[in-house]
2 protein chains.
Amino acid sequence: MAAKNVKTSITMQEVAERCGVSKMTVSLALRGDLKQVSQETIDHIQAVAREFGYNPGANHAARRLALKKSNQPVLNNTIGLLLWEGFYEVNYDQTLFRGVLEVLAPKYYALVLGYIRRDVQVEDLPCAFRRDEIDAFLTCDAEFGRHLLDEMCERYGFSKRPVVSMIYQHDGCSAVVPDHRMAGYLLAHHLLSLGHRHILHFADSGVSPFHPFALRLSGYRQAYQEMGLDSDTGLHYMHRGSQKDNLQACAENVLRMLDAYPDITAILAPYDEYAGVLIDVLSKHGKRVPEDISIVGLDDTDPALNEQSQNILTTVRMPLLEIGRQSAELLLQRISNEETEDITITLPVELIKRASTCPPRIK
Amino acid sequence: MAAKNVKTSITMQEVAERCGVSKMTVSLALRGDLKQVSQETIDHIQAVAREFGYNPGANHAARRLALKKSNQPVLNNTIGLLLWEGFYEVNYDQTLFRGVLEVLAPKYYALVLGYIRRDVQVEDLPCAFRRDEIDAFLTCDAEFGRHLLDEMCERYGFSKRPVVSMIYQHDGCSAVVPDHRMAGYLLAHHLLSLGHRHILHFADSGVSPFHPFALRLSGYRQAYQEMGLDSDTGLHYMHRGSQKDNLQACAENVLRMLDAYPDITAILAPYDEYAGVLIDVLSKHGKRVPEDISIVGLDDTDPALNEQSQNILTTVRMPLLEIGRQSAELLLQRISNEETEDITITLPVELIKRASTCPPRIK
DNA sequence: TTGTAAGCGTTATCAT
DNA sequence: ATGATAACGCTTACAA
């Protein structure tokens, strides 16, 4: 007479009773373990389970718990993303994200978003991370991301999961990156071909040889070399301001730099938006682009519009959508193929010539 | 001498041994149950747990399993999204999604994306759905989404979770919607004020009174009424083609309609992109917009550009970003406040006058 | 206020 | 090839 007050999900036990076998047999049969159960039994039990409405997912928690004993990592169909804070407001990050979504969304993966910020600690990571529910991670900041995840695994005794890095290459991660060196080469070569010799460029200090800045710089140098020019005298270095907010202030520093070094006739901006602000600030100070100074951007994510709403920015296009897509594909591969080596995929970039560059003015 | 081969996560049992209490006390203390454990004990145990590196998340699976007995739904910090297929390619959906992200991403919720398509069955739902791991759902198609989720709960014996619907209102869901009626009113009123009397509009047949089409239509009618005009003779109905692909074909049907009813001088397009295609097709057939015919869009998501790259489309702007944000906020509320009633939030819309409308030509 | 026992649904181990 | 038993780590119910 004890009526169940709440209908709950079907268990293996119930399927077993229905079939007149033990729940152990059901467990093995549902996993299709041919070594331990006969094909006949498997077929029968699977049919009954289906008809009965058994839902293998419903008790995933029990499965996870049981599997702890044998220390087997369990797949949860969940992927962790470590993205820059506010990624949904930035063209660059949005495009990467969209590429990732295009691949993962149709596969019904759960996506857990974590933010990359310098002050993030292990405790601040999304709770799904700390539950060890993530099958693999995708990060846009390989160095910091890898560090954070390693610390988490260490602290909580988790086994390591595959990590794929977008844009940056780093030890211990697979990566999908644009050809940073080629990007630098194409831009510098373009400016040198136009006749520019003294060019301003930007960098951060103390970066690893695989950092985009370092790779780009080696591309610049190669372009000089190939033309028989000395890059040490031609390339004028400037530290990129680290704050995105005071782009304006950075641009004014550039103005001073240009006044101090009147030989400079072209600028390799660190990214498109930076180039756009430079164009604005320079024109407000009476320097026309490109007549007085040529400027190139990087990424082809943010246009620099003239009065006719046309994008005038000469730049290198990064295959961001494709990087997002291939990163996700690579991640899925890494999840299914247990023990493979980390690999790096480099995707080609393309010079987009527009109207922000022209031959230098003869002085 | 039995060295553990693999370091695994700390359990309550280990914390209990360290403190010299039972694991039961640890369980109660970590949850801060003041009715059963003294403050003193709680503080001590919590301190030891923290120092010891106990991670409450690490054994979430065990917690879920244990809680099944008492049939308590467990929160997983996971939200299910039911979006239109390919949402990342459509301005409209993208904007909604971005609003949702802005709110949920900083809270580190796991997002599970499911697609809305007519042929989706319960079995096709993301496996996180079928694991009953979703705290609440956000859907952009309340009718179908609700139906699908109800069927899932029924089939698998899950308890129902809160559902928030975006754009559409529906029984059994909270909702955040734009003021569809007002949108219709503003557009019709705008056209009538310019002097148009015979206006073409679009609809789907057999929709509920809360469907956007129905609400918009009542807005159109109100505009006619307020001016003392008869909407039955003024409004010319046309069935909206259901396929997004053959917008071109739909537009050609409109051409025929206009030839058949030469009184018609204005069109209330069902959405911006539709309006854009109409403008193209009409102009290719020698009808200029707005000189020969006025056209208004809806949503303000897709511009109709002229040769000068200016958006000429008069339309009503939907607060999509805000709908996304507030839907997510509402969802979070519904997760924390157990038993509250469903509510609907209606957000204001705004008429954006541009150059695709003008007074009708005197015949 | 604290401890003991039982059970959530699964899987691994060992027996048959 | 199949079954019995003991975990996995937690929580509720009840006993002390």
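Scroll up to find the structure this text is about.
Described in the following lines is the structure provided in the data block. From a predicted model like this one, the values you see are computed outputs, not experimental measurements.

1. Comments concerning the protein's contact with DNA strand C
Phase 1 of the analysis: DNA strand C sits among 27 residues. The nearest are Lys23(A), Met24(A), Ser27(A), Tyr54(A) and Thr25(B).
Phase 2 of the analysis: Per the 4 Å cut-off to the protein, sugar and phosphate atoms form 65% of the nearby atoms of DNA strand C.
Phase 3 of the analysis: Arg31(A) is positioned such that a nitrogen or oxygen atom in its side chain is 3.1 Å from a phosphate oxygen of DNA strand C.
Phase 4 of the analysis: Between Ala66(B) and DNA strand C, the recorded distance is 3.2 Å, taken from a backbone N or O atom to a base oxygen.
Phase 5 of the analysis: Listing elements by their share of the surface near DNA strand C, those giving two or more residues are helix 2 (23-30) and helix 4 (60-68) of chain A together with helix 2 (23-30) and helix 4 (60-68) of chain B.
Phase 6 of the analysis: Residue contributions to the surface near DNA strand C peak at four residues, all from helix 4 of chain A.
Phase 7 of the analysis: Here the surface near DNA strand C is composed, by residue class, of 11 nonpolar, 10 polar and six charged.

2. Structural notes on the sheet that holds strand 6 (residues 199-203) of chain A
Residue and element names in this part refer to chain A.
Phase 1 of the analysis: Spatially, four strands are ordered 7-6-8-9 in an open sheet, and the strand pairing comes out parallel. Each edge of the open sheet is held by one strand with a lone partner, namely strand 7 (235-239) and strand 9 (294-296). Recorded for the sheet is a direction-independent mean angle of 20° between the axes of neighbouring strands.
Phase 2 of the analysis: Alignment of strand 6 against strand 8 (residues 266-268), held across three bridges, turns out to be parallel. Bridge pairing in strand 8 links Leu200 to Ile267.
Phase 3 of the analysis: Those strands touched by helix 12 (residues 272-284) are strand 6, strand 8 and strand 9, and its axis lies near 160° from that of strand 9.

3. Notes on the packing of aromatic side chains
Phase 1 of the analysis: Under the counting rule described, the total for this entry stands at 18 aromatic pairs over all chains.
Phase 2 of the analysis: Look at Tyr156(A) and Phe158(A): their rings are 5.6 Å apart centre to centre, the planes differ by 50°, and that puts the pair in the tilted class.
Phase 3 of the analysis: These aromatic residues form a ring-pair network of at least three members: Phe87(A), Tyr88(A), Phe97(A), Tyr108(A), Phe87(B), Tyr88(B), Phe97(B) and Tyr115(B).
Phase 4 of the analysis: A cation sits over an aromatic face here: Arg216(A) above Phe213(A), 5.0 Å from the ring centre.

4. Quick look at the protein's contact with DNA strand D
Phase 1 of the analysis: In the neighbourhood of DNA strand D, 28 residues make up the surrounding shell, with Thr25(A), Lys23(B), Met24(B), Ser27(B) and Tyr54(B) lying closest.
Phase 2 of the analysis: Among the atoms of DNA strand D close to the protein, meaning within 4 Å, 62% are from sugar or phosphate groups.
Phase 3 of the analysis: Between Lys23(B) and DNA strand D, the recorded distance is 2.5 Å, taken from a side-chain N or O atom to a base nitrogen.
Phase 4 of the analysis: One of the side-chain nitrogen or oxygen atoms of Asn59(B) is found 3.4 Å away from a sugar or linking oxygen of DNA strand D.
Phase 5 of the analysis: Breaking the surface near DNA strand D down by element, the ones donating at least two residues are helix 2 and helix 4 of chain A together with helix 2 and helix 4 of chain B.
Phase 6 of the analysis: With four residues, helix 4 of chain B is the largest single contributor of residues to the surface near DNA strand D.

5. With respect to the relation of the copies chain A and chain B
Phase 1 of the analysis: Structural alignment of chain A on chain B gives an RMSD of 0.1 Å, achieved by rotating through 180° and translating 0.0 Å along the axis. What the rotation and shift describe, once combined, is the action of a two-fold rotation axis. Ranked by how close their C-alpha atoms come to the rotation axis, the residues of chain A are headed by Ala61(A), at 2.3 Å.
Phase 2 of the analysis: With an isologous cut-off of 70% or more, the 100% of interface residues of chain A that recur at the interface of chain B puts this contact in the isologous class.

6. A few points about the interface of chain A and chain B
Phase 1 of the analysis: Facing 49 residues of chain A, the contacting portion of chain B comprises 49 residues.
Phase 2 of the analysis: Considering only the side of chain A, the residues that lose the most area to chain B are Tyr88(A), Tyr108(A) and Arg131(A), jointly responsible for 18% of the buried surface there.
Phase 3 of the analysis: Connecting chain A to chain B are zero salt bridges.
Phase 4 of the analysis: Inspection of the region where chain A meets chain B yields 10 residue pairs in polar contact (both at pLDDT 80 or more).
Phase 5 of the analysis: Elements supplying a minimum of two residues to the side of chain A that touches chain B: helix 4, helix 5 (91-104), strand 2 (110-116), helix 6 (127-130) and helix 7 (142-156) of chain A.
Phase 6 of the analysis: As judged from the three bridges shared by strand 2 of chain A and strand 2 (residues 110-116) of chain B, these two strands associate in the antiparallel manner. Within strand 2 of chain B, the residue paired with Val112(A) across the bridge is Ala110(B).

7. Brief notes about the pattern of salt bridges
Phase 1 of the analysis: As enumerated under the stated definition, the model contains 34 salt bridges over all chains in all.
Phase 2 of the analysis: With its nearest N and O atoms 3.3 Å apart, the salt bridge here joins Arg117(B) to Glu85(B). Highlighted residues: Arg117(B) in the loop between strand 2 and helix 6 (127-130) and Glu85(B) in the loop between strand 1 (78-84) and helix 5 (91-104), separated in sequence by 32 residues.
Phase 3 of the analysis: Residue Arg117(B) is classed as partly exposed on the basis of its relative accessible area, which comes to 28%.
Phase 4 of the analysis: Judged by its relative accessible area of 45%, Glu85(B) is partly exposed.
Phase 5 of the analysis: In this structure, Glu133(B) and Arg131(B) form a salt bridge, with 4.0 Å as the shortest nitrogen-oxygen distance. Each member of the pair Glu133(B) and Arg131(B) is classed as buried.
Phase 6 of the analysis: One salt-bridge network, held together by shared partners, links Arg98(A), Glu102(A), Glu322(A) and Arg325(A).

Criteria and cut-off values
Residues numbered from 1 in each chain as written. Chains lettered and ligands numbered in written order. Predicted model: local features only at pLDDT ≥ 70, side-chain atom pairs only at ≥ 80, totals over all residues. Heavy atoms only, no water. Near = heavy atom within 4 Å. Polar contact = N/O pair within 3.5 Å; in protein donor to acceptor, adjacent residues only side chain to side chain. Helix = DSSP H or I, 4+ residues; strand = E, 2+ residues; numbered from the N terminus. Nonpolar A, V, L, I, M, F, W, Y, C, P; charged D, E, K, R; others polar. Pairing = 2+ DSSP bridges. Axes fitted to C-alpha atoms, helices over the stretch in contact; angles between N-to-C directions. Contact = heavy atoms within 4.5 Å. Phe/Tyr/Trp six-rings, centres within 6.5 Å; stacked < 30°, edge-to-face > 60°. Lys NZ or Arg CZ within 6 Å of the ring centre and 35° of its normal. Least-squares fit on C-alpha atoms with pLDDT ≥ 70 in both. Buried area = accessible area lost by both parts, 1.4 Å probe. Salt bridge = Lys/Arg side-chain N within 4 Å of Asp/Glu carboxyl O. Buried < 20%, exposed > 50% of the residue type's maximum accessible area, 1.4 Å probe, protein only.

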